[in-house]
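Descriptive structure summary
Listed below, chain by chain, are the residues.
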Amino acid sequence: MSDRELVRITLRASGGAEAAARELSDRHRGAATGYAAQCTTTPTAAALLVTSAEFTAARSFLVDGASTAWRPYLLNTLVRTAAEWATDDKQHHLAPGLCSWLAESGGVAGAPVQGDDTTGAVLLGQAFHQLPERLQAVLWHRLVDQEDIAQVARCTGTGQDSVRIWAGTVEDKFLTLYGRLYEETAAARCRPFSRLVLTTARIGLPRALGSGGASGLKGHLAACGNCDRVFRNLSRPHGHEWGPLLAESLLPWGGGDYRAACAAVHAGEPPEEAKAGGLPPAPSLRPRILRTRALRTRSGRALFAIAVAGIALGVVLLGTGDSDPAGDPPATLRDSHDSSHTWSGSTAPKEEGPSLSVSPSASKLSKSSKPGSKPGSKPPADPPSASKSPPPPKPGNLAGARLRWDFENAGERPEDTSAARRPGSYHGRVEWSDDRDGSVWFNGASYVETSRAVVDTTRGFTVSAWARLTSSEEFYTVAAQDGGDISGFFLQYAQDDNRWRLVMGHADSTEAGEDEAESAGPPAMDTWQHLTGVFDAEKRQILLYVDGRLQSTAAHHSTWEANGPFTVGRGLWEGEKADRYKGYVDDVRAYQRAMSASEIAALAGVGPNG
């Protein structure tokens, strides 16, 4: 499946969108991360820039209507995103060279598709973009990124034999287009020499001069920089000498350095960033983020909505869906518990319909599979049959949890499978599902809580959960820990921004300000997503991850101890239980430390009950 097809699937709110987004990111994130490291001053800023560019590029790729290969389009979008950073207080996260270039260019980065200027690199860019999209990909991936035939075939969605054939002819086609554009756009004083430039470049000027066929050409080339440039370009031998020129022509900034880094990797020598240790697993710098006032729909709460600078998706993009109108549990749920009645352990009635078992990683369900769907509705579409993605990261040091509820088994209390053995108690009606080898469903009124605090909110901590949201009508809290007036933290869905977020208040009061880190895009409705909220007390920073990828960060300096119950399915606001969750939850974990990015990626890659 080609990159363009993956983008198209990614933008649908249907089955396979998340798998397509992951595959697309797996193909190109390494190259994008390398270029982002060149554009920024810290690994954290690079990671946020990459995910922001991924999200923006996916939204505009099809809308732009350009027939262009995804890799150079994504890298161009990355520079345009950096240009937006340069207009506000995130400028200090950009490399000095990029800032200088943006200042000289008036803060405008070139568009991915070149304009109508017919001189210099732009003419090469026009020739590149006149190639069919798959040939663009072959030319870029082979000559600039120096990737093998198998990777090019993966990105073009074709067989390796076809790519080998294209690779043997694409340079000639590119040079033919380049020469034709040169002739068509030559200035009046250049036209008498344009045909001679093309023919002489093939045989070399010394031979042409020796035969007497280029008597006036040498003098014209000395006087005309444009014709001399075309002549020298067409005189280049085939092969990797074209790589640096293409990179410089198609990337608005730093193309030569990008190509040199690709060449170093190809030669087995890591680029300078990798020599110094590469991108460390833990973020090391928080971008300063502008905040604006917003009104919280549910309780009139005044809050700060972050204008997210960096985004990490990995990107589950534009996953939207209708909110669940039904208050009753889905027919696929098994076993129930209602704290207002004696728990019977009986199995909930099942309608005839599709099985909703899911893979260890998040998987999409069709809208018809939501709670309240009709019997016999069609199962979700299969994920794209693209080349296999790299295996999920191996678990790191994931031991030491202070709480882990995997909701594998139904019962009157959730079982804590961590060494701490902290049980909880259900309130209201909950149901159990076979999804993820056992998960729990909250109906918008029910929740579960411990009898006492699990984490010290004045120290570093990490809270994670698998969540499958089935409504977007209100605020919904996945996990929190009670203070006296508000929760010490909220890992939740924010209805007004339509984003996942991690929120920590400055004090135990609804009147105090708060800091929040938001997700890059809206939640993928009725789809399992892995959420991780981190408070790094040493760096005074909160971080939000979705599906193992960093979404955004925010400073948090005012700490206070929320020593009430740890909750799943609700928060606390104005001393009242609030933001009750509607959807599925599985594998809730809490750690009394700020986990690293690699640990969180490993946590997101662990299968159900793993």
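Source: prediction; values computed, not measured.

**Description of the sheet that holds strand β17 (residues 566-568)**
Taken together, the seven strands give an open sheet; going across it, the order is β5-β8-β17-β10-β11-β12-β13, and neighbouring strands pair in antiparallel fashion. Only two strands of the sheet have a single neighbouring strand rather than two, namely β5 (425-427) and β13 (514-518). Here the average twist between neighbouring strands, direction ignored, is 20°. Judged from the five bridges that link them, strand β12 (residues 499-505) and β13 form a sheet pairing that is antiparallel. Bridging from a neighbouring strand, methionine 504 pairs with aspartate 515 of β13.

**Quick look at the packing of aromatic side chains**
Per the counting criterion, the structure on display carries 15 aromatic pairs. Among the aromatic residues, those joined into a cluster by ring pairs are Trp405, Phe407, Phe461, Phe489, Phe535 and Phe566. The ring of tryptophan 528 carries the charged tip of arginine 436 above its face, separated from the ring centre by 5.8 Å.

**What to know about unusual backbone geometry**
Here aspartate 437, not a glycine, exhibits a phi torsion of approximately 60°, which is positive. The partly exposed category is assigned to aspartate 437, whose relative accessible area is 48%.

**Considerations on helix α17 (residues 597-605)**
Of the positions making up α17, those classed as buried are Ala597, Glu599, Ile600, Ala602, Leu603 and Ala604. Elements that come into contact with the buried residues of α17 comprise β9 (461-469), β14 (529-536), β15 (541-546) and β20 (582-591).

**Re the pattern of salt bridges**
As enumerated under the stated definition, the model contains 24 salt bridges in all. Across the pair arginine 22 and aspartate 547 runs a salt bridge whose closest N-O atoms are separated by 3.6 Å. Of the two residues, arginine 22 is situated in helix α2 (residues 17-39) and aspartate 547 in the loop between β15 and β16 (549-555); the sequence distance between them amounts to 525 residues. Take arginine 22: its relative accessible area is 27%, and that puts it in the partly exposed class.

**Observations concerning the side chain of threonine 462**
Its location among the elements puts threonine 462 in strand β9. With a relative accessible area of 0%, threonine 462 lands in the buried category. Of the polar contacts made by the side chain of threonine 462, one reaches the backbone oxygen of arginine 593; its length is 2.7 Å. Apart from the residues lying within four places of it in its own chain, the contact partners of threonine 462 are Thr532, Gly533, Val534, Arg589, Ala590, Tyr591, Arg593, Ala594 and Met595.

Quick notes on the rules
Residues numbered from 1 in each chain as written. Predicted model: local features only at pLDDT ≥ 70, side-chain atom pairs only at ≥ 80, totals over all residues. Heavy atoms only, no water. Pairing = 2+ DSSP bridges. Helix = DSSP H or I, 4+ residues; strand = E, 2+ residues; numbered from the N terminus. Axes fitted to C-alpha atoms, helices over the stretch in contact; angles between N-to-C directions. Phe/Tyr/Trp six-rings, centres within 6.5 Å; stacked < 30°, edge-to-face > 60°. Lys NZ or Arg CZ within 6 Å of the ring centre and 35° of its normal. Buried < 20%, exposed > 50% of the residue type's maximum accessible area, 1.4 Å probe, protein only. Contact = heavy atoms within 4.5 Å. Salt bridge = Lys/Arg side-chain N within 4 Å of Asp/Glu carboxyl O. Polar contact = N/O pair within 3.5 Å; in protein donor to acceptor, adjacent residues only side chain to side chain.

Note that every value here comes from positions in space, so none of it alone points to a role or purpose.
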